[in-house]
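Here is how the chains run, residue by residue.
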Amino acid sequence: MRYQVLRPPYCYRWAVLISVVLVTTSLIISLSWSGAQGSETASPPQRARASTTPEPAAAPAAAGPVRTAARPGRFVALTFDDGPDPTYTPQVLDLLEQHGAVATFCMVGTQVRRHPELVAQVVERGMRLCDHTVSHDEELARRNEARISAEITGTQADLRLAADGDVSIPYFRAPGGNWSETITAIASREGMTSLGWSVDSRDWTLPGTPAIVATVRQAVQPGAVILLHDGGGQRKQTVAALTELLPWLVAQGYQFDFPAT
Ligand SMILES: [Zn+2]
């Protein structure tokens, strides 16, 4: 009787003890399991993000400045920078006309304002205009966007004013050829092709006429865009070099073209 009376409470205590152990164990297991699941579910999105981030970087980069003539074949594109200049620009125009050549003139806004009549002459002779900024700041790439924009659009406005409004300005060239993505983007937004060169005559270093002639002769090839200067300083050497180079280019079978757009 006694044994039977005592039995149920003993059974009950054991049952409680076992239940407590089971519940505690299952709690520990479920907590650690949910922790493991948490870390697993967190990682797939990270991997997914990692795999998608390279896509914007893989997008095609903006095209750099044009460095070839418009037409394929034995063509060269002559370009004259830093004018217009009242002494040298008319001399260059006369030489070009004598040899049936065309060229592109990259003009500086401050010069355009001083000599607007020369812009009209350049256009009337069948040449093309190129915007070369207002002040020829060779550090333009380091300026803020508003300043870059003002340097580019200011010369556009000056050229249009000088040429009575209805004139095409197909190109823009950065001073010193110092480009940035912002510069090319603003030029493009303003409807201009960024214009580089493939042959630097180095006439701006005043190396003497024979050196200018030799540099161009050695470097020229079909499609070349040749950098020369009709402004920005003393350009007697450049004019003298042209009197030799223009007939030489013609004798070599070259024709003259504008740069690609
Ligand atoms: Zn220049």
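Residues numbered from 1 in each chain as written. Predicted model: local features only at pLDDT ≥ 70, side-chain atom pairs only at ≥ 80, totals over all residues. Heavy atoms only, no water.

Under an unreviewed UniProt entry, the name given to the chain is Peptidoglycan/xylan/chitin deacetylase (PgdA/CDA1 family), and the source organism is Amycolatopsis endophytica.

S.K.: Break down the coordination of the zinc ion for me, with residues and values.
M.R.: For the zinc ion, the full set of protein donor atoms is D82 (OD), H132 (NE2) and H136 (NE2), and the range of their distances to it is 2.1 Å. Read from N- to C-terminus, the donor residues coordinating the zinc ion fall into the pattern D-x49-H-x3-H. Of this pair, D82 sits in strand 1 (residues 75–83) while H132 sits in the loop between strand 3 (128–131) and helix 6 (145–162), and the two are 50 residues apart along the sequence. On the basis of relative accessible area, H132 is assigned to the buried category, the value being 1%. (Donors = N, O, S within 2.8 Å, 3.2 Å for Na, K, Ca; no water. Helix = DSSP H or I, 4+ residues; strand = E, 2+ residues; numbered from the N terminus. Buried < 20%, exposed > 50% of the residue type's maximum accessible area, 1.4 Å probe, protein only.)

S.K.: Before we move on, could you go through the packing of aromatic side chains and cite the residues and values that matter?
M.R.: Tallying each qualifying case throughout the model produces 2 aromatic pairs. An angle of 25° between the planes, with centres 5.4 Å apart, marks the rings of F80 and F105 as stacked. Pair noted here: F80 is in strand 1 and F105 is in strand 2 (residues 103–107), with a separation of 25 residues, a long-range link. We classify F80 as buried; its relative accessible area is 0%. The exposure class assigned to F105 is buried, which follows from its relative accessible area of 1%. Where F172 meets W179, the ring centres are 5.9 Å apart and the plane angle is 80°; that geometry is what we call edge-to-face. One Lys or Arg, R74, reaches over the ring of Y254 and ends 4.2 Å from the middle of that ring. (Phe/Tyr/Trp six-rings, centres within 6.5 Å; stacked < 30°, edge-to-face > 60°. Lys NZ or Arg CZ within 6 Å of the ring centre and 35° of its normal.)

S.K.: Describe the layout of surface pockets, listing the residues and the values that go with them.
M.R.: Size it by volume and the largest pocket reaches roughly 200 Å³. Lining the largest pocket are 15 residues, with H136, E138, G176, W204 and H229 positioned closest to its centre. Put simply, the parts of the chain that give the lining of the largest pocket at least two residues each are strand 1 and strand 7 (225–229). Within the lining of the largest pocket, the residues separate by chemical class into 4 nonpolar, 5 polar and 6 charged. (1 Å grid on protein atoms, 1.4 Å probe; cavity = no way out; pocket = protein on both sides within 12 Å on 5 of 7 lines; lining within 4 Å. Points joined across faces, edges and corners; volume = space filled by probe spheres on them. Nonpolar A, V, L, I, M, F, W, Y, C, P; charged D, E, K, R; others polar.)

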